[in-house]
Amino acid sequence: MPNAEDIASELRDLEALAQREWSGANPAERLGLKSRYLGKKSPLNAILRGLKDLPDAERRTIGGLANETRDRLTALFEAAESSRASVAATPYDYTLPGRPHPRGHGHILSQTMDEVIAIFYGMGFEVAEGPEIETDYYNFAALNFPPDHPARDMQDTFFLNDEHLLRTHTSPVQIRVMESQRPPVRILAPGRVYRNEAINARSYCVFHQVEGLYVDSDVSFADLKGVLVAFASEYFGPLVTLRFRPSFFPFTEPSTEVDISCLLCRGRGCSLCKHEGWLEILGAGMVHPAVFAAVDYDVNVFSGYAFGMGIERIAMLKHGIDDIRLFYENDLRFLRQF
Ligand code: PHE
């Protein structure tokens, strides 16, 4: 015959142990406690089943105690369970250390573009954009390319049909902007351009340019030199000097190609500059009268300059990148360096 005193103290010990285990357990372990303390095979259940063998008076006191113990443990387990319904579904371990989320950053080409835009923005230029699929008119005709100009060759340009092509430069944005507004115009047009070129370390079928255009009643070549010198010393550092070489573009007259003093040898001659001492960074010139005629600007009232530079090119020079294809391969070991 079981002793009522012993059973009462067993109940007290059981409850104390359950409480202690509960507060020391992690969420996964807690899931097992309920069945261990309240399930069919639990000591508490054995006590409840044994009640029928007790004399009447003891059955009532011990039965009451056992029921209270069961109710308190049930409340303990269920309160925690309902507040952690999702925990019961998926056992989480809140004591695990967190997983780091490494922070990303812009692609080196985006960074370069933002830097160039910021420099010219500081000189009063606004950003303008145009489509990458252009018509022959905007990409060539309005920019004074004669019908038989070799740039129109299938060899150089991706034509989509007789009329449409992938723009080969950002200069068509000049036309679109001047068609839609009157001077003064001071814009910067960054974007992608496409050329059907053999792919190698120096040229790729797609690259980025930034076009600049300033038209007003009294714009001179000296203004063009001024902004380009200011840009170069800001982007490449105050020690670089610029060289303006005469050149030709159908849409500017006079036209120039602009070099910076070699960043590696400072003009003395090295393998980066092929012993020239100079590195070409952009094309520029005064807007051609034929271009003003195409957008109906009075050539007797307005003058302007335009320039276009390759983003990959200036990024390669500044950061010592020796292969243009690296920009497009998305190798994180390359991209993470910037
Ligand atoms: N569009 C020319 C190129 O792609 C660059 C340029 C822009 C030259 C503006 C003069 C003026 O080479």
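Keep in mind the model is a prediction, meaning the values are calculated, not measured. (Residues numbered from 1 in each chain as written. Predicted model: local features only at pLDDT ≥ 70, side-chain atom pairs only at ≥ 80, totals over all residues. Heavy atoms only, no water.)

A. Structural detail: the site of the ligand. His 169, Ser 171, Arg 195, Gln 209 and Glu 211 are the nearest of the 14 residues found near the ligand. Within the side chain of His 169, one N or O atom sits 3.0 Å away from a nitrogen atom of the ligand. Compared with its free state, where it exposes 330 Å², the ligand has 90% of that area covered by protein. Counting residues per element, the ones that place at least two in the shell around the ligand are β5 (206-216), β8 (278-287) and β9 (303-310). Tallied by class, the residues present in the shell around the ligand amount to five nonpolar, seven polar and two charged. (Near = heavy atom within 4 Å. Polar contact = N/O pair within 3.5 Å; in protein donor to acceptor, adjacent residues only side chain to side chain. Areas by Shrake-Rupley, 256 points an atom, 1.4 Å probe, with all protein chains shown as cover. Helix = DSSP H or I, 4+ residues; strand = E, 2+ residues; numbered from the N terminus. Nonpolar A, V, L, I, M, F, W, Y, C, P; charged D, E, K, R; others polar.)

B. Quick look at the pattern of salt bridges. Taken as a whole, this structure holds twelve salt bridges when the rule is applied. A salt bridge links Glu 21 to Arg 36; the shortest N-O distance between them is 3.0 Å. Within this pair, whereas Glu 21 is found in helix α1 (residues 4-24), its partner Arg 36 is found in helix α2 (residues 27-38), the two being separated by 15 residues in sequence. Between Lys 318 and Glu 115 there is a salt bridge whose closest N-O contact spans 2.9 Å. Of this pair, Lys 318 sits in helix α11 (residues 311-319) while Glu 115 sits in helix α6 (residues 108-121), placing them 203 residues apart in sequence. A relative accessible area of 33% means that Lys 318 is categorised as partly exposed. With a relative accessible area of 31%, Glu 115 lands in the partly exposed category. A network of salt bridges, in which partner residues are shared, links Arg 243, Arg 245, Glu 257 and Asp 259. (Salt bridge = Lys/Arg side-chain N within 4 Å of Asp/Glu carboxyl O. Buried < 20%, exposed > 50% of the residue type's maximum accessible area, 1.4 Å probe, protein only.)

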